[in-house]
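# Structural characterization, general
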Amino acid sequence: MKVVLIVLALTSGLWVAIEVLLRVLLGFGNPLIYIADAECGYLLAPNQRVRRLGNRIEINEYSMRTGSIAPTPTPETLRILLLGDSVANGGWWTDQTDTISEIMARQLSLQVQNLTSDSQSGAKVNYSDVEVLNASANSWGPRNQLAYAKRFGVFGAKVLVLLLNTDDLFASAPCAEVVGRDRSYPDRQPRSATLELLSRYLLPKVPARQLAPPAAESDVVGCNLEAIHQIQKIAVSANVKFLLALTPKRGEFGDSGSRDWEIKARERLAELVEREKITYIDFLPIFNCAANCAAQISTLYRDSIHLSPQGNQLVSKTISRQIVAVFLPKL
């Protein structure tokens, strides 16, 4: 009996030690929570602050990966609204200060302090502050982003930046079924950090077809292009400048390059950009110039889609320069 008690005590102590280690050092047991939404598919639950593998993640009252904000900015604040997916969001692998939006805010702050702009009253305004709002979520596509813009508006932004990845041109319609069923979109806190580690990273993943079978669409690219167009129209109707940016997948470089369907989708996007006269940044040639061999390309990515800190810096700098050069003289 004594041996059994000793074993139980040691086992319990080991479990407690593992639980504390996972929670304190790695941030398990406190994942970001999602809420299902009929139009957007899903949103990050408002007002969350967590740490994951040492990275700080903050979600504000509008489900943005941004600190708390006022509904409208002061006249001296240059506010940018960034709509995006996991590339813009940064996920658990990116600290709040290293997200594209935060880097853009710092870069723009250095560039616009000495610039002036006409306010609605006709008076000259010196921008003394810059805010880049990050409205994004993992696996969002243009139709999720459109639904968000319809729901919340543009928050008084001067510029709306839509940052997409090539894969987003093939994104499915918003779907709320994944929330609480797909382990990547939990709707409640796990019972313990150990159970979260086991269920999220060590046990087999539930096949996607069992979570939400994709609806048949004859032209998914066309649906997403129309969503991009509708986001542009929201910006135009709000008298907000619109900038579209597209990052490539890592597999689009090298000897193989973009696949036939990716090339066709990009061509259709280029036609939309030309027809609607959209300010557009295609990062495929920019990445090629920044890193002209496979070994150097790898420094811009952390996996096949998501960017490394160097990639985030390059994207942020390019978008910020475009905003200053093209839009600020007209704001």
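This write-up is about the structure you can find in this document. Computed from a predicted structure; not experimentally measured. (Residues numbered from 1 in each chain as written. Predicted model: local features only at pLDDT ≥ 70, side-chain atom pairs only at ≥ 80, totals over all residues. Heavy atoms only, no water.)

## As for the sheet that holds strand 5 (residues 77–84)
The cut-off we apply is this: For two strands to be treated as a pair, DSSP must find at least two bridges joining them. Under the DSSP-based scheme used, a helix requires at least four consecutive residues in state H or I and a strand at least two consecutive residues in state E, with every element numbered from the N terminus. What counts as an axis is a line fitted to C-alpha atoms, over the stretch in contact for a helix, and the angles between N-to-C directions run from 0 to 180 degrees. In what follows, residue pairs with any heavy atoms lying within 4.5 Å of each other are defined as contacts.
As summarised here, the arrangement of the 5 strands in space is 8-5-9-10-11, forming an open sheet in which the pairing is parallel. Two strands close off the open sheet at either side, each with one partner strand: strand 8 (129–136) and strand 11 (279–282). Adjacent strand axes in the sheet meet at a mean angle of 20° when their direction is disregarded. Sheet analysis places strand 10 (residues 241–247) next to strand 11, joined by 4 bridges and oriented parallel. Its bridge partner lying in strand 11, leucine 243 is registered against threonine 279. Sitting on the sheet, helix 8 (residues 260–276) is in contact with strand 10 and strand 11, with an inclination near 165° to strand 10. Along the sheet, helix 11 (residues 309–327) makes contact with strand 5, strand 9 (159–165), strand 10 and strand 11, crossing strand 10 at roughly 155°.

## Considerations on the pattern of salt bridges
This is how it is decided: Here, a salt bridge means any Lys or Arg side-chain nitrogen found within 4 Å of an Asp or Glu carboxyl oxygen. Note on exposure labels: buried denotes an accessible area under 20% of the residue type's maximum, exposed denotes more than 50%, and partly exposed covers the range between, all computed with a 1.4 Å probe on protein chains only.
Under the definition given, this model contains 16 salt bridges. Note that arginine 259 and glutamate 262 form a salt bridge whose closest N and O atoms lie 2.9 Å from each other. Accessibility expressed as a relative area gives 38% for arginine 259, which makes it partly exposed. A salt bridge links arginine 266 to aspartate 282; its shortest N-O distance comes to 3.0 Å. Pair noted here: arginine 266 is in helix 8 and aspartate 282 is in strand 11, with a separation of 16 residues, a long-range link. What makes arginine 266 buried here is its relative accessible area of 11%. Each of Asp167, Lys249, Arg259 and Glu262 takes part in salt bridges that share partners, so that together they form one network.

Geometry only, nothing functional implied.
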